[in-house]
Amino acid sequence: MIFFTFMKKIIYLLLFLLYIMPAHAQYENIWLLGNGGLNFNVNPVQSFTTTAPALVEAAASICDPQGRLLFLTDGTKVWDRNYNLMANGTELARQFGTGSSTQGAIIIPIPGSVSKYFIFSTTSVEYNSDAGKLYYTKVDMNRNGGLGAVDPLEKSVLVDSHLTEGMTAVVGAQCNIWLIVRSRIDGRFKSYEISDAGLNTKPVTSATGIIGRNRLWVGSLCPSPDSKKILSCSASPLGGGLETFDFNPGTGMLSHPQLLDDSLAYYAGCFSPDGSKVYAVTHLRDFKVLQYDLNAANPALSSTLISACPSFSKIKLAPDRKIYFKGGANYLNVIQFPDLAGGACGLKAKAVEYDSAISEALPNIVPIMIYDTAMSVNQIKEASCFTAAASLTLQANNSDQAWGHQWSNGVRSPSINPEMPGMYWVSYYTAPCRYHIDTFFIRLSNGVLPQATITEACKGTATGKIAVETYSGDTVLYRYTWYDEQDSVIGHGPILDKLYAGNYRLQVQTARCDTLLTFNLPESKYNARFQTDSLTCTGMALSVNNRSDVYYTQWHWDFGDGWQSSERSPDHTYRTPGVYEITLIASGLVCRDTFSSTVMVDAPMFPFQLYAERDTLCPGESLNFHYATDSTLVLFQWELNGEYRFHTRDTFLQQAFDEPGLQTFVLTAELRACPVQQITKSVFIAPLPLVQLGNDTFLCLQGNSVVLSNKAAVQPGDQYLWNTGDSIPALVVRQPDDYQLRITNRFGCSNIESVTVHKDCYTDIPNVFTPNGDGINDYFFPRQHLSRNIAAFHFQIWNRWGQMLFETRSIDGRGWDGKQNGQEQPSGSYVYQLKIVYHDGKQESYNGNITLVR
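Asks: It is not clear to me how the pattern of salt bridges should be interpreted in this structure. Could you clarify?
Replies: Charged atoms that come close allow side chains of opposite charge to pair. Enumeration over the complete set of coordinates arrives at 21 salt bridges. The salt bridge partner of Lys277 is Asp293, with a shortest N-O separation of 3.8 Å. Taken together, the residues span a long stretch of sequence, with Lys277 in strand S22 (residues 277–283) and Asp293 in strand S23 (residues 288–293) at a distance of 16 residues. No difference in accessibility class separates Lys277 from Asp293, as the two residues are buried. Overlapping salt bridges bring together Lys116, Asp140, Arg143 and Asp151 as one network.

Written as structure tokens, this is what we have:
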């Protein structure tokens, strides 16, 4: 019953393939010649009048598989079956024309499709440097309600350049089609492959022929009916010729050129139905139709005149196996028996006449892909004792010449080893496009070796199991006998359970076969285990990562502090520091296992305190800090006023401060497991009191006393102490000496300032002068020296860069006027030096600063 059901499916598949793959499609059964046409769907052939566009030289049309017109083209435009321009159907060769190209248009059905076609167009020689350009355009007949439309994404696509006007197509050997063109540059042929994948733009290139490339302008290409030869017609102002070539449909290569004539130029030609004769139309002058016999001893000498022509004409083998060519403006001549030699070919002049002139062009050929199907049913294949289906090899027929193998189990190869018994089939192709299906039926009536499923025994327990089975749908009767390691029979049937780990044997018997199998039943290796941190802190959640084998499904956790859980991977928070053992008991359907791990629980460091000797100190003084620690400390981090200072483990720190103000310390303790802890401590650095006694001064002879006092701002609570022992703010000085004042503020911080009162100076030297011309203090000069008994005198002034600005040794004069070389010097401080020698030999020297104010 299974076999017949499968065969029914195969037959349905073949019928479907026959439906989508027409065996003898009538693609060329309608010829359109402008005002007239020919219908080859009826016998005898019928002529008809038409309003189809009148095409010049390039012409191509195509019908559906039933012979009904689909569309026509001249390579530049494309019209639908109603002779209306197809949607997007102009400029197929861009801005160039193809109408006067010998074979400027050809239509090729795309293999594997029932609705898509390629139009190829070649530009004519009149375009000079743009002549011989090859373009392709895709037409989709599913569009526009079945009238078709040009695909705008694949329109006017440039493929090649510098070609002749000849273009034809041949059915290949692997469900493909070859588009054949010829180079006008070097005479080489180029074959472009068209398959269900589309156009392969990399051509197969063949060697050139015998006719020179300077004669390769116009002229047609035509394949023989059996696709094994190509006829090439050539014509140019320098002459032309007629050649045949062998063609390989498998590779697209042309070879073995045979010259039929190089004395005349040839425009068009075709083969007779049996391929034995060639008919060709000459070009340029003396237009005529010649026949060549390819079976003759020397075909080049077999030329026979068949008919004269009023001008050049296309010539074409028709679906009725007759050859047609244009004999006059409004009629066609017919060669009725083209396989016969000479006059026996049966020329019939004016065989088809029309009321008005018809087009020059006959439609280019359409390569007809003929699909076919074949099916073979192989004999039943039987396997031997306990042999699996995979031991058999299924081989497709014709595997050496075939391609595209597809087995019913999805394998793509000429042969397979089946996995199971039953029906198998393989589909594939052979040349040119024949579809095959081979079928096979696999039987395993002698039985197959059963496959065992072993359940391991838990450690030390009789929980193991061995179960055997063959395959689903197996109808063979099996007898099973089980033995232990002592060869004792311990069971029958396909299942043996409640077993300890060890070795067991099974005897398997069928009606004609007997064998003994050995099995090892291992102990369980299911382990319970988990991962967790070995250190944590009280109050923090501790996570465990349960990594037990997938066998286990139930869990019992004990965290050592009385808390338990049945979750797979619970979290737990310890409240008390210490060392705890975590235990997991994992259970499965049969087995169980235990795993333990230890965790240390820290507590935050407490108390965490920072001790300082005092809270207030003066700049420059050092302060000692002490702080507590314990065994969980990792390190301390110190920060002062928000800036990181250093790490340390010391519990003592000494710090001095230069600047007054509030200094804030942050001490961060990084602990072994617990969160970091911080202490903030502030210390006030009191300011130093300001002491300003002014510049050193002098006590002049019989002069007034000097009063020394702090010229800086006085703060409440400041205490004064002079080196004279006085504690008053102002000190009256009557003797030259060094005097020192210490001021202590309310914070206990002290500052000291000293000043020197020099001995009697005998002169009064000012510290400021204003050389502004107002007659007051305009000059700097130690005037009182003029009244003294001075023996020698030397007075100098420098600026702050050490440049001497003024010098005199005369006690007369008015002194320095604040200028150098007539240039006024800027306001500022200047250095002076005065040296005096008295008549009694005593000497005095004075150095100081004078301020110039303008």
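Alright, that's what it looks like, and here's the rest.
Asks: Help me understand the state of the cysteines, please; the structure alone is not making it clear to me.
Replies: In a disulfide, the sulfur atoms of two cysteines are covalently bonded to one another. Under the defined criterion, the tally for this structure stands at 5 disulfides. Across the disulfide, Cys537 is cross-linked to Cys674 (sulfur-sulfur distance 1.9 Å). Disulfide Cys537 to Cys674: torsion about the S-S bond roughly 95 degrees, handedness right-handed. Of the two residues, Cys537 sits in strand S43 (residues 535–537) while Cys674 sits in the loop between strand S56 (661–671) and strand S57 (677–685), which places them 137 residues apart along the sequence. Just as Cys537 is buried, Cys674 falls in that class too. Each disulfide pairs two cysteine sulfurs, and for Cys618 the partner residue is Cys749, the sulfurs being separated by 1.7 Å. Measuring handedness by torsion sign, the sulfur bridge of Cys618 and Cys749 sits at about -95 degrees and is left-handed. Linking Cys618 in the loop between strand S51 (616–617) and strand S52 (622–627) with Cys749 in the loop between strand S62 (737–744) and strand S63 (750–758), this pair joins segments that are 131 residues apart in sequence. As far as the burial class goes, Cys618 and Cys749 line up, both buried. Along the protein chain, the cysteines engaged in disulfide bonds are linked according to the scheme 1-3, 2-5, 4-7, 6-9, 8-10 when indexed in sequence order. Among the cysteines around Cys63, which has no disulfide bond, Cys222 carries the closest sulfur, lying 18 Å off.

Asks: Please clarify how the pairing of S52 should be interpreted in this entry.
Replies: Within a regular strand, side chains alternate between the sheet's two faces. Both strand S50 (residues 610–612) and S52 contribute to a ladder of 3 bridges, which runs antiparallel. Bridging from a neighbouring strand, Leu610 pairs with Tyr627 of S52. One ladder, built from 5 bridges, connects S52 with strand S55 (residues 652–656); its direction is antiparallel. Looking at S55, one finds that Phe625 is bridged to Leu653.

Asks: Just to check I follow, could you spell out the pairing of strand S48 (residues 578–587) for this structure?
Replies: Judged from the 5 bridges that link them, strand S45 (residues 554–558) and S48 form a sheet pairing that is antiparallel. Bridge pairing links Asp558 to Thr583 in S48. Two elements, S48 and strand S49 (residues 592–602), share 10 bridges in a ladder whose sense is antiparallel. Looking at S49, one finds that Ile582 is bridged to Ser597.

Asks: Would you mind showing me how to read the side chain of Gln663 here?
Replies: Within the element layout of this structure, Gln663 appears in strand S56. For Gln663, a relative accessible area of 10% corresponds to the buried category.

Asks: How should I be thinking about the sheet that holds strand S64 (residues 768–769) in this particular structure?
Replies: What links the strands of a sheet is backbone hydrogen bonding, and the strands pair in either a parallel or an antiparallel sense. The 5 strands lie next to each other as S64-S70-S69-S65-S66, forming an open sheet whose pairing is mixed. The open sheet is flanked by S64 and strand S66 (804–808), the only strands paired with a single partner. Here strand S69 (residues 828–838) pairs with strand S70 (residues 843–852) via 10 bridges, running antiparallel. Note on S70: the bridge partner recorded for Tyr832 is Gly848.

Asks: Help me out: how do you make sense of the nonpolar core in this one?
Replies: Soluble globular proteins tend to bury their nonpolar side chains together. Leu394, Ile466, Tyr478, Trp482, Leu506, Val508 and Phe519 are the most contacted members of the largest nonpolar core, which totals 33 residues. If you list the elements that add at least two residues to this core, you get strand S33 (422–430), strand S34 (434–443), strand S36 (464–469), strand S37 (479–483), strand S39 (495–499), strand S40 (502–509) and strand S41 (514–521). If you look at the next biggest cluster of nonpolar residues, it comprises 26 residues, including Ala268, Tyr279, Val289 and Ile323.

Asks: Before we go on, may I ask you to explain unusual backbone geometry in this structure?
Replies: Most peptide bonds take the trans form, and the phi angle of most residues other than glycine is negative. Of the consecutive residues Asn43 and Pro44, the connecting peptide bond is found in the cis state with omega at 5 degrees. On the secondary structure map, Pro44 appears in the loop between strand S2 (36–39) and strand S3 (46–49). Cis peptide bonds are those with omega within 30 degrees of zero, and the linkage from Ala431 to Pro432 qualifies with -5 degrees. The topology assignment puts Pro432 in the loop between S33 and S34. Its identity as a non-glycine residue notwithstanding, Phe386 has a phi of 50 degrees, on the positive side. Positionally, Phe386 belongs in the loop between strand S29 (372–382) and strand S30 (394–395).

Asks: Before we go on, may I ask you to explain the packing of aromatic side chains in this structure?
Replies: Geometry of an aromatic ring pair is reported as the spacing of the ring centres plus the angle between the planes. Counted by the stated rule, this structure contains 33 aromatic pairs. The interplanar angle of 40 degrees and the centroid separation of 6.0 Å between the aromatic rings of Trp482 and Phe519 together place this pair among those described as tilted. A residue pair is termed long-range when its members are at least 10 positions apart, and Trp482 in strand S37 and Phe519 in strand S41 qualify at 37 residues. Like Trp482, the residue Phe519 is buried in the burial classification. A centroid spacing of 6.0 Å and a plane angle of 25 degrees characterise the contact between Trp557 and Phe559, whose relative ring orientation is stacked. Like Phe559, Trp557 is buried. What links up through ring pairs into an aromatic cluster is the set Phe769, Phe780, Phe781, Phe793, Phe795, Phe806, Trp816, Tyr830 and Tyr832. Cation over ring: Lys350 sits above Tyr331, and NZ or CZ is 5.2 Å from the ring centre. One Lys or Arg, Arg505, reaches over the ring of Tyr483 and ends 5.9 Å from the middle of that ring.

Reading the values: rules and limits
All chains use their own residue numbering, which begins from 1 and follows the written sequence. Owing to the predicted nature of the model, reporting of local features is limited to residues with pLDDT of at least 70; listing and counting of side-chain atom pairs is limited to 80 or more, with chain, interface and lining totals taken over all residues. Side-chain figures throughout are based on the complete set of non-hydrogen atoms in the structure, without hydrogens or water. Salt bridges are defined by distance alone: a side-chain nitrogen of Lys or Arg within 4 Å of a carboxyl oxygen of Asp or Glu. Under the scheme used here, helices are H or I runs from DSSP no shorter than 4 residues and strands are E runs no shorter than 2 residues, and both carry numbers assigned from the N terminus. Buried residues are those whose accessible area, probed at 1.4 Å on protein chains only, stays under 20% of the maximum for their type, while exposed residues exceed 50% and partly exposed ones sit between those limits. By disulfide we mean two sulfur atoms from cysteines, separated by a distance within 2.5 Å. DSSP-based pairing: two strands are paired if at least 2 bridges between them are found. Here, nonpolar core refers to any group of buried Ala, Val, Leu, Ile, Met, Phe, Trp, Tyr and Cys residues whose side-chain atoms link them within 4.5 Å. Each Phe, Tyr or Trp ring (for Trp, its six-membered ring) is paired with any other whose centre lies within 6.5 Å, and the angle between the two planes then decides the class: stacked below 30 degrees, edge-to-face above 60, tilted in between. Comment: the charge-over-ring label is applied if NZ (Lys) or CZ (Arg) is within 6 Å of the ring centre and within 35 degrees of the ring normal.

Interpretation in functional terms is not warranted from these geometric data alone.
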